[in-house]
Amino acid sequence: MGKSIRLDKFLVEMDRGSRSQIKEAAKKGRIQVNGQVEKKTERKIDPDTDQVLFDGMPVAYRALEYYMLNKPQGVVSATEDNLHKTVIDLLTGEKRNDLFPVGRLDIDTEGLLLLTNDGDLAHRLLAPKKHVDKQYYAKVSGSLPDNSVEIMAEGMTLSDGTEVKPAILEIGGCTELLRAKTGTSEPQENAGDLEQTIPCTEVLLTIHEGKFHQVKRMFEALDCRVEYLKRLSMGSLQLDETLAPGEYRSLTEEEITRLQQHK
Ligand code: URA
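Source: prediction; values computed, not measured.

*Asks:* Now, about the sheet that holds strand β5 (residues 52-54): what can you tell me, with residues and values included?
*Replies:* Consider a sheet: its strands pair through backbone hydrogen bonds, and that pairing is either parallel or antiparallel. Taken in spatial order, the four strands of this open sheet run β3-β2-β5-β6, and their pairing is antiparallel. Two strands bound the open sheet, and with one partner strand each, they are β3 (36-37) and β6 (57-58). As paired strands, strand β2 (residues 31-33) and β5 are joined by three bridges and run antiparallel to one another. Paired with V33 across the bridge in β5 is V52.

Encoded structure:
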C-alpha cells in the first residue's frame, strides 16, 4: 500500500532543508515531481512511487526509524568507536549505518537513549533553547546537604564556574548499601579501583539541559558522588521498564507523535 506524505514534509525528512527553505526552492523551480516542475510544496506524494528531483538530483526515500534503547553500562553513545562497543552495535539487523543516538549518556550510565535517523527531530530535542526535560535516577554517596533540593531548585554553579539551570531534586526515603568504587571524586570512569560497600541515597533529578557529565557534576558540587546513574525520561518519552539493559524496541506511533510536538 502506498503512503502519501506532503512534498515539503518529505523533503524536510530527507534533509533537504527546513520547510521554508523547501518552499523557496520550489518557488525557484528547483523541485520536480515525475518530470514536472512542482511549486506547490503542500501537495502530497507517494515516496515509494513518485520520483522527486531536487536541483535535478533524485531524492531517495529513506524511511525514518525511531528506537528506544535501555543503554547498558560499558557501551559508548556514539556511532563508531575504536575501543568500545557502541549503542549502534547493539542493534541487530542489516541497514543500521544511518542511525545515531540523540544526545549522549556516559559509558557507565544506563537508561533511555533514543536512536533515530531523523536529524530534524534530534536537532529539535537537543537544541538548548527547547529545554527538553530529562529525568535521572541516581544512587549518590556522601551526605547531601539538608538544603540540596533548594540549592538545585535555584540553579547552581559547578566547580569550574559553569552555571546550570534550576533542577528538580527528589530525595528517596531510604539509603541502601551499594558496592562501588571509591577513591576519587572524578567522574566514575576515572575512579580508583578500590571496591567497597558504601551507603547511597536514592534520588530523582530532573534537568532541563544536557551539559557534559551534568548530573555527576551537580552532585560533586554538593560534595557527593554519583555511584549509579540511569536516565528514565527525555521530554515525553519514558523508558519502557520492560526493556532489560541492552534491549531496545521501536517507538509507538503515539510516542513519535508526542516527541514531534516538542516544537
Ligand atoms: N549526566 C551525567 O553526569 N552523565 C550522563 O550520562 C548523563 C547526565
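*Asks:* Talk me through the packing of aromatic side chains; I want residue IDs and the actual numbers.
*Replies:* Considering all chains together, one arrives at three aromatic pairs under this definition. Both rings, one in Y67 and one in Y248, keep their centres 5.7 Å apart while their planes meet at 85°; by these two values the pair is edge-to-face. Linking Y67 in strand β7 (residues 66-71) with Y248 in strand β17 (residues 248-250), this pair joins segments that are 181 residues apart in sequence. Taking the relative accessible area as the measure of exposure, Y248 reaches 23% and is therefore partly exposed. Over the ring of Y228 we find K139; its NZ or CZ atom is 5.3 Å from the centre of that ring.

*Asks:* Just give me the short version of the layout of surface pockets, but keep the residues and values in it.
*Replies:* Vacant regions in the atomic arrangement are exposed by a probe of water-molecule size rolled over the atoms. Taken as a whole, the largest pocket spans an internal volume of roughly 660 Å³. Lining the largest pocket are 35 residues, and of these R104, L105, G210, K211 and F212 lie nearest its centre. Listing elements by their share of the lining of the largest pocket, those giving two or more residues are α3 (119-126), β10 (134-141), α5 (214-220) and β15 (225-234).

*Asks:* Can you lay out the nonpolar core for me, pointing to particular residues and giving the numbers?
*Replies:* Core analysis: the largest hydrophobic core is formed by 31 residues, its most contacted members being L115, M152, L205, V215, M218 and F219. Only β7, β9 (109-116), β10, β14 (194-207), α5 and β15 provide two or more residues apiece to this core. If you look at the next biggest cluster of nonpolar residues, it comprises 17 residues, including L64, L121, L239 and L243.

*Asks:* Any chance you could break down the pairing of β7 for me, citing the residues and the numbers?
*Replies:* Burial analysis of β7 places six of its six residues in the buried class, the great majority of the element. Burial along β7 is two-sided: Y66, M68 and N70 and Y67, L69 and K71, pointing in opposite directions, are all buried. Looking at chain direction, β7 and β9 are connected through six bridges and run antiparallel. Counted as the bridge partner of Y67 is L115 from β9. Of the pairings in the sheet, the one linking β7 to β17 comprises three bridges and is antiparallel in character. Counted as the bridge partner of L69 is Y248 from β17.

*Asks:* Can you lay out the confidence of the model for the protein for me, pointing to particular residues and giving the numbers?
*Replies:* Averaged over every residue, the pLDDT of the protein is 89; residues scoring 70 or more account for 89%. Averaged over each element, pLDDT in the protein is lowest for strand β13 (residues 168-182) (73) and highest for α5 (98). Counted against residues more than four places away or in other chains, residues 184-192, with its pLDDT under 50, gives 25 contacts.

*Asks:* Account for the side chain of E65, with residues named and values stated.
*Replies:* Residue placement: E65 occurs in the loop between β6 and β7. We classify E65 as buried; its relative accessible area is 17%. One polar contact links E65 to Y67, side chain to side chain, over a distance of 2.6 Å.

The rules behind the values
Residues numbered from 1 in each chain as written. Predicted model: local features only at pLDDT ≥ 70, side-chain atom pairs only at ≥ 80, totals over all residues. Heavy atoms only, no water. Pairing = 2+ DSSP bridges. Helix = DSSP H or I, 4+ residues; strand = E, 2+ residues; numbered from the N terminus. Phe/Tyr/Trp six-rings, centres within 6.5 Å; stacked < 30°, edge-to-face > 60°. Buried < 20%, exposed > 50% of the residue type's maximum accessible area, 1.4 Å probe, protein only. Lys NZ or Arg CZ within 6 Å of the ring centre and 35° of its normal. 1 Å grid on protein atoms, 1.4 Å probe; cavity = no way out; pocket = protein on both sides within 12 Å on 5 of 7 lines; lining within 4 Å. Points joined across faces, edges and corners; volume = space filled by probe spheres on them. Core = buried A, V, L, I, M, F, W, Y, C linked by side-chain atoms within 4.5 Å. pLDDT = per-residue confidence, 0-100. Contact = heavy atoms within 4.5 Å. Polar contact = N/O pair within 3.5 Å; in protein donor to acceptor, adjacent residues only side chain to side chain.

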